[in-house]
Amino acid sequence: MKSPLLLHIPHSSLSIPKTVRDKLYVSEAELERELLRMTDRYTDILFDLPTITNHSIIYPVSRLVVDPERFEDDEKEPMAAVGMGVIYTATSQKTLLRTQPDVCERTELLDAYYHPHHRRFTEAVAELLNEAGQALIIDCHSFASRPLPYELNQENDRPDICLGTDAFHTPNWLLDSVREAFLKLGYSVAINHPFAGTIVPLPYYTQEARVLSIMIEINRKLYMHEDTGEKGPLFARVKDDIATVASQIVQT
């Protein structure tokens with residue numbers, strides 16, 4: 001039986017095309033710090049699970065270019081209120097990143113990055129539904145050990161693992177399985193704290209019960225030095241533990 005697991009990795013890239021870099025008002029040093037804060041660094045490696053699934057959708061550029069996990073329409077996107085809609089105009093420190101693009105540039109950016117990513121994502125889900133009869137999405141993220149100024153949740157009490165859910169697409173058995181697997185490995189786990197929700201391609205959202213989704217966010221202090229971006233001493237262990245949890249999910 002083909003594994004129904006699909007890994008969605010939207011925020012691991014550090015790449016910023018020159019045409020976009022030229023629009024940013026931050027210095028090289030400031031940009032490096034912002035990428036350190038905002039990138040889910042190494043999630044493409046931590047969630048590389050070739051023995052479990054070969055289905056993964058990895059966004060090729062930085063979220064500072066266009067964020068694929070925001071709603072395209074800023075009127076529907078809560079983070080647009082702090083300058084972090086689909087195209088960021090503010091940094092994590094609430095300072096100016098860039099001016100709002102005009103209609104032409106906005107369309108070009110969305111057509112170059114946002115729309116192709118979501119087409120690939122939707123097509124991958126369709127393929128799994130056809131081949132495996134189900135698609136089980138893991139939305140793969142990491143988060144800073146201390147709240148960043150832009151974040152809506154400013155509580156300092158942060159778990160090792162944050163699990164994000166959706167009322168329609170995250171059944172109780174899936175949430176319980178993932179939570180218990182991480183707890184057994186010795187991690188502290190919180191549900192929808194400090195971040196909530198999980199992604200599903202819009203054509204399937206609340207329409208197809210065979211599409212399941214859960215967000216797994218890893219506290220960066222577990223696997224990297226947050227002030228330098230270098231891998232930490234427990235990197236390999238965290239990667240192995242993620243594989244253990246993912247393996248249990250597909251066997252449940």
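You'll find the structure just up there.
Rules used throughout
Residues numbered from 1 in each chain as written. Predicted model: local features only at pLDDT ≥ 70, side-chain atom pairs only at ≥ 80, totals over all residues. Heavy atoms only, no water. Helix = DSSP H or I, 4+ residues; strand = E, 2+ residues; numbered from the N terminus. Rg over C-alpha atoms; globule rule 2.2 N^0.38 Å. Buried < 20%, exposed > 50% of the residue type's maximum accessible area, 1.4 Å probe, protein only. Contact = heavy atoms within 4.5 Å. Areas by Shrake-Rupley, 256 points an atom, 1.4 Å probe, with all protein chains shown as cover. Lys, Arg positive; Asp, Glu negative; His and termini not counted. Charge placed at Lys NZ, Arg CZ, Asp CG, Glu CD. Pairing = 2+ DSSP bridges. Axes fitted to C-alpha atoms, helices over the stretch in contact; angles between N-to-C directions. Phe/Tyr/Trp six-rings, centres within 6.5 Å; stacked < 30°, edge-to-face > 60°. Polar contact = N/O pair within 3.5 Å; in protein donor to acceptor, adjacent residues only side chain to side chain. Right-handed = clockwise from strand over helix to strand, strands pointing away.

A. How the structure looks around the overall build of the chain. Broken down by element type, the chain carries 6 helices and 6 strands. Overall, the chain shows an N-to-C arrangement of helices and strands of β-α-α-α-β-α-β-β-α-β-β-α. Taken over the C-alpha trace, the chain has a radius of gyration of 18 Å; the compact-globule value for 252 residues is 18 Å, and the two agree within 12%. The buried share of the chain, reckoned over its 252 residues, is 55%. Intrachain contacts of the chain at a sequence separation of at least 6 include 77% that bridge at least 24 residues. As displayed, the chain offers around 11,600 Å² of accessible surface, 51% of which is attributable to carbon and sulfur atoms. With 25 positive and 37 negative side-chain charges, the chain shows a separation of 3 Å between the mean positions of the two kinds.

B. Geometry of the sheet that holds strand β1 (residues 5-9). Within the open sheet, the 6 strands sit side by side as β2-β1-β3-β6-β4-β5. Their pairing is mixed. Every other strand in the sheet has two partners, leaving β2 (56-58) and β5 (189-191) as the edge strands with one partner each. Between one strand axis and the next, the sheet turns by 20° as a mean value, whatever way the strands run. Lying on the sheet, helix α4 (residues 103-132) is in contact with β1, β2, β3 (135-143) and β6 (211-219); it crosses β1 at an angle near 170°. Its contacts with the sheet place helix α5 (residues 172-184) against β3, β4 (161-164), β5 and β6, and it is angled at close to 25° to β6.

C. Representation of the packing of aromatic side chains. Tallied over the full model, the rule gives 5 aromatic pairs. With a centroid separation of 6.5 Å and 80° between ring planes, the pair formed by tyrosine 42 and tyrosine 223 is classed as edge-to-face. Of this pair, tyrosine 42 sits in the loop between α2 (28-38) and α3 (43-46) while tyrosine 223 sits in the loop between β6 and α6 (235-251); the two residues are 181 residues apart in sequence, bridging distant segments of the chain. Overall, the relative accessible area of 0% leaves tyrosine 223 in the buried class. Measuring from centroid to centroid gives 6.0 Å for tyrosine 223 and phenylalanine 235, while their planes differ by 70°, and the two rings are edge-to-face.

D. Examining the side chain of threonine 39 more closely. With respect to the element layout, threonine 39 can be found in the loop between α2 and α3. You can call threonine 39 buried: its relative accessible area is 2%. At 2.7 Å, the side chain of threonine 39 forms a polar contact with the backbone oxygen of leucine 35. In this structure threonine 39 touches His11, Ser12, Ser13, Leu14, Ser142 and Arg220, once residues within four positions along its chain are discounted.

E. Spotlight on the pairing of β4. Burial along β4 is two-sided: the face carrying Ile161 and Leu163 and the face carrying Cys162 and Gly164 are both buried. Two elements, β4 and β5, share 3 bridges in a ladder whose sense is parallel. Bridge pairing in β5 links cysteine 162 to alanine 190. The β-α-β motif built from β4, the intervening α5 and the parallel element β5 has right-handed crossover chirality.

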